[in-house]
Amino acid sequence: ATANIGVVGLAVMGSNLARNLAGREGNTVAVFNRHPDRTRTLTAEHPEAGFVASESYDDFVASLARPRTAIILVKAGAPTDAVISELASRFEPGDIIVDGGNANFHDTIRREADLKASGIHFVGMGVSGGEEGALHGPSLMPGGTAQSYETLGPILRTIAAVAPDGEPCVTHVGTDGAGHFVKMVHNGIEYADMQLIAEAYDLIRRGTGKSPAEIADVFAEWNTGELESYLIEITAEVLRQVDAETGAPLVDVILDEAGAKGTGAWTVQNALDLGVPTSGIAEAVFARSLSSRRAQREAAADLPGPETEWKVDDVDGFIEDVRQALYASKIVAYSQGFDEIIAGAEQFGWDIHKGDIAKIWRAGCIIRARFLNRISDAYAEDPSLVALAVAPYFRDAITGGQAPWRRIVATAAQAGIPTPAFSSSLAYYDGLRADRLPAALIQGQRDFFGAHTYRRVDKPGVFHTLWSGDRSEITIESSN
Ligand code: NDP
């Protein structure tokens, strides 16, 4: 037993994470894959890593020093359960099984509970940053017991991405499924951020007639300011790309049907269960669904749009409006994502430090951005902040950006350009700040058809109006 850590599953993520681990002082990495050809390829291509390779679970487990620690990176779902069961039957109390796949956090909670009696620690760990991140430094979101993190934490800190202030992008998120939950919300926010950027591009393209390469310059310029982020950076790269075959901008030859692997949908499904309005994320998920409904889009293609043609006169002014609308909408999307984290923590009993989550997303992951410093600052100043949008920095940013935001949403509506994420973010913002919402009318309607009762603004208690009787009000529950 010579290895202090092992990796099971040597497809792209597992091999890269194993190489990352092997490259750090003090690590000896055991590797195993169901089909040994992957193991052989990896060890042949990377002799420098000094991997301890095994071709059976028995040998793999025997190669691990105690407490045994193995990170699983296989297909989520049944394959993960299969590997866990192989390891668990050979591991002993105190050993640690880490699942770094994109597991559903409900599965992680179940797996942790199943292993608890055996004394084996099960850690569901969100890994973000794709294959490059796995190799050079991912953002890591481990859950599981605090005790397992004592062993795991120091190893993870060596392989994680490093934020601009030198801090590694890893923290013990919370117990059982907390890590995978936070990773799920990370992906949901990623959907919203990407959709907002896509809407900004679409508005600029259609409003100004600028070419994708010219719009790439706009995004590159934005990337020097408060919007600085990985997603803005790669947007410029994608827009600048020319198709070798046709000579056209690549973005014009890519089929406009967006795929999804499901974590955005999970974020929204759980937000619905938790009663958290993550409308920006939901719109982003639905925008991808709509894009892929080819038959409906074709059938609807000749439905009428606006009568008048739209043309932007002040191009620079318009682009600046779009930038501000994007920033304000982005604040809303992140605010909603953090609301879901807060609600999840409450529901599932996790002690999640919001500021630390923003910190570990500053490097390595897809939504890494300068902006996340602002979020961690906001939670540092006020750990019980009820909504990001009301923190002083964000309040100021929205105050400065709200006129352009409104102009852009109104313009888009008039021009017939779909901006579901911009528009829903603004509607959410206006809903959040409203003194009085028409929810009062909805309560009246509910009471009318279903006797669902209502509360009053002027006195405590629960009331019902006898709608089909004499329409007098009765008290269902008085305050005492
Ligand atoms: P894949 O998701 O393509 O999974 C392939 C690996 O799973 C192979 O090692 C394969 O072994 C193994 N496997 C499949 N079924 C079984 C089984 N029944 N028993 C044992 N092993 C099995 O690999 P990736 O590297 O792309 O991803 C690994 C995990 O990381 C996934 O959960 C993924 O969602 C997650 N992830 C991926 C990211 C990415 O950017 N790709 C980013 C973050 C997380 P074999 O070679 O024997 O078939």
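Numbering of residues starts from 1 in each chain and follows the order in which that chain's sequence is written. The predicted nature of this model means local features are confined to residues of pLDDT at least 70 and side-chain atom pairs, given and counted, to a pLDDT of 80 or more, with totals for whole chains, interfaces and linings taken over all residues. Values reported for side chains reflect all heavy atoms of the structure, with hydrogen atoms and water molecules removed beforehand.

1. Observations regarding the pattern of salt bridges
- Any carboxyl oxygen of Asp or Glu within 4 Å of a side-chain nitrogen of Lys or Arg constitutes a salt bridge here. In the structure shown here, the tally under the stated rule is 28 salt bridges.
- A salt bridge links Asp321 to Arg407, with the shortest nitrogen-to-oxygen separation between them at 2.7 Å. Residue Asp321 is found in helix 15 (residues 315-348), and its partner Arg407 is found in helix 18 (residues 392-415); the two are separated by 86 residues along the sequence.
- Under the scheme applied here, a residue whose accessible area is under 20% of the maximum for its type counts as buried, over 50% as exposed, and between as partly exposed, the area being computed with a 1.4 Å probe on protein chains only. For Arg407, a relative accessible area of 45% puts it in the partly exposed group. The way it works is that DSSP assigns letters per residue, a run of H or I at least four long becomes a helix, a run of E at least two long becomes a strand, and they are numbered from the N terminus.

2. Looking at the packing of helix 8 (residues 178-208) against helix 10 (residues 230-240)
- Where helices are involved, their axes are fitted lines through C-alpha atoms of the stretch in contact, as for all axes, and angles between N-to-C directions lie from 0 to 180°. Orientation of helix 8 relative to helix 10, taken along the N-to-C sense of each, is 45°, at an axis distance of 11 Å. The angle between helix 8 and helix 10 places the two elements in the oblique class. Like other packed secondary-structure pairs, helix 8 and helix 10 cross with a definite hand, here right-handed. Here Glu190, Asp193, Met194, Ile197 and Tyr201 of helix 8 lie close against helix 10, whose contacting residues are Leu231, Ile232, Thr235 and Leu239.
- When the residues that make up the contact of helix 8 with helix 10 are grouped by side-chain class, the tally is six nonpolar, one polar and two charged. If an angle is under 35 degrees, it is roughly parallel; if it is over 145, roughly antiparallel; if it lies from 65 to 115, roughly perpendicular; otherwise it is oblique. A crossing counts as left-handed when the near helix is turned anticlockwise from the far one by less than a right angle, and as right-handed when that turn is clockwise. Working rule for contacts: check all heavy atoms of both residues, and any pair within 4.5 Å makes them a contact. Residues are grouped as follows: Ala, Val, Leu, Ile, Met, Phe, Trp, Tyr, Cys and Pro are nonpolar; Asp, Glu, Lys and Arg are charged; every other residue, Gly included, is polar.

3. Observations regarding the sheet that holds strand 2 (residues 29-32)
- Spatially, 3-2-1-4-5-6-7 is the arrangement adopted by the seven strands of the open sheet, whose pairing is mixed. Looking along the sheet, the strands with just one partner apiece sit at the ends: strand 3 (52-53) and strand 7 (139-142).
- Strands are treated as partners if at least two bridges between them are detected by DSSP. Sheet topology places strand 1 (residues 5-8) next to strand 2; four bridges connect them, and they run parallel. Counterpart to Ile5 in the pairing with strand 2 is Val29.
- The strands that helix 2 (residues 36-45) touches are strand 2 and strand 3; relative to strand 2, the one it contacts most, it runs at about 145°.

4. Some details on the confidence of the model for the protein chain
- Scored between 0 and 100, pLDDT is the confidence that the predictor attaches to each residue. Per-residue pLDDT for the protein chain has a mean of 97; in total, 100% of the residues score no lower than 70.
- This complex was scored by the predictor with a pTM of 0.96 and an ipTM of 0.98.

5. Structural notes on the nonpolar core
- We define the nonpolar core as a collection of buried residues of types Ala, Val, Leu, Ile, Met, Phe, Trp, Tyr and Cys that are connected through side-chain atoms lying within 4.5 Å of one another. Phe219, Trp222, Trp361 and Ile375 are the most contacted members of the largest nonpolar core, which has 84 residues in total.
- Ile5, Val7, Phe51 and Leu140 belong to the second-largest nonpolar core, a separate cluster that totals 28 residues.

6. Let's talk about the pairing of strand 7
- Burial along strand 7 is two-sided: Ser139 and Met141 facing one way and Leu140 and Pro142 facing the other are all buried.
- Pairing of strand 6 (residues 121-128) with strand 7 involves four bridges; the strand directions are antiparallel. In the strand pairing of strand 7, Val127 is matched with Leu140.

7. Concerning the packing of aromatic side chains
- For Phe, Tyr and Trp, where Trp contributes only its six-membered ring, two rings pair if their centres lie within 6.5 Å, and the inter-plane angle classes them as stacked under 30 degrees, edge-to-face over 60, or tilted in between. Within this structure, the stated rule accounts for 18 aromatic pairs.
- Judged by centre distance (5.2 Å) and plane angle (55°), the rings of Phe181 and Trp350 are tilted. Here Phe181, found in helix 8, pairs with Trp350, found in the loop between helix 15 and helix 16 (354-360); they are 169 residues apart in sequence, far enough to count as distant. An identical accessibility class is assigned to Phe181 and Trp350; each is buried.
- Measuring from centroid to centroid gives 5.6 Å for Trp310 and Phe318, while their planes differ by 70°, and the two rings are edge-to-face.
- Looking at Trp310, the relative accessible area reads 22%, which means it is partly exposed.
- On the accessibility criterion, Phe318 (8% relative accessible area) is buried.

8. Examining the environment of Arg294
- Mapped onto the elements of the fold, Arg294 is located in helix 14 (residues 294-300).
- Spatially, the C-alpha atoms of Arg294 and Asp256 are 9.6 Å apart, while their sequence positions differ by 38 residues.
- The residues contacting Arg294, other than those within four sequence positions of it, are Leu255, Asp256 and Glu257.

9. Re the UniProt feature "domain: 6-phosphogluconate dehydrogenase C-terminal" (unreviewed entry) in the protein chain
- UniProt feature "domain: 6-phosphogluconate dehydrogenase C-terminal" (unreviewed entry): in the numbering of this structure it lies at residues 179-468.
- For residues 179-468, the helix share is 66%, the strand share is 1%, and the end-to-end C-alpha distance is 52 Å. UniProt positions are given in the numbering used here, feature names are shortened, and annotations may be inferred rather than shown by experiment.

10. Topic: the environment of His353
- Tracing the backbone shows His353 in the loop between helix 15 and helix 16.
- Sequence separation between His353 and Pro383 is 30 residues, and the spatial gap between their C-alpha atoms is 8.1 Å.

11. Brief notes about the site of the ligand
- Surrounding the ligand, one finds 19 residues, the nearest of these being Asn33, Arg34, His35, Arg38 and Val74.
- Identification of polar contacts relies on pairs of N or O atoms within 3.5 Å, with a donor-acceptor requirement for protein atoms, meaning one able to donate a hydrogen and the other able to accept it, and with residues adjacent in sequence counted only if both atoms are side-chain atoms. In the model, an oxygen atom of the ligand is placed 2.8 Å from a nitrogen or oxygen of the Met13 main chain.
- Between Asn33 and the ligand, the recorded distance is 2.7 Å, taken from a side-chain N or O atom to an oxygen atom.
- Using a 1.4 Å probe, accessible areas were evaluated by the Shrake-Rupley method; residue-level cover was limited to the displayed protein chains. About the coverage of the ligand: the protein hides 79% of its 900 Å² of free accessible area. Proximity criterion: a residue is near a molecule or strand once any of its heavy atoms comes within 4 Å of it.

12. What about the pairing of strand 4 (residues 69-72)?
- Side chains of strand 4 alternate between two faces, with Thr69 and Ile71 and Ala70 and Ile72 buried alike.
- Of the strand pairs in this sheet, strand 1 and strand 4 are connected by three bridges, and their pairing is parallel. In the strand pairing of strand 4, Val8 is matched with Ile72.
- The sheet contact formed by strand 4 and strand 5 (residues 96-99) spans four bridges and is parallel.

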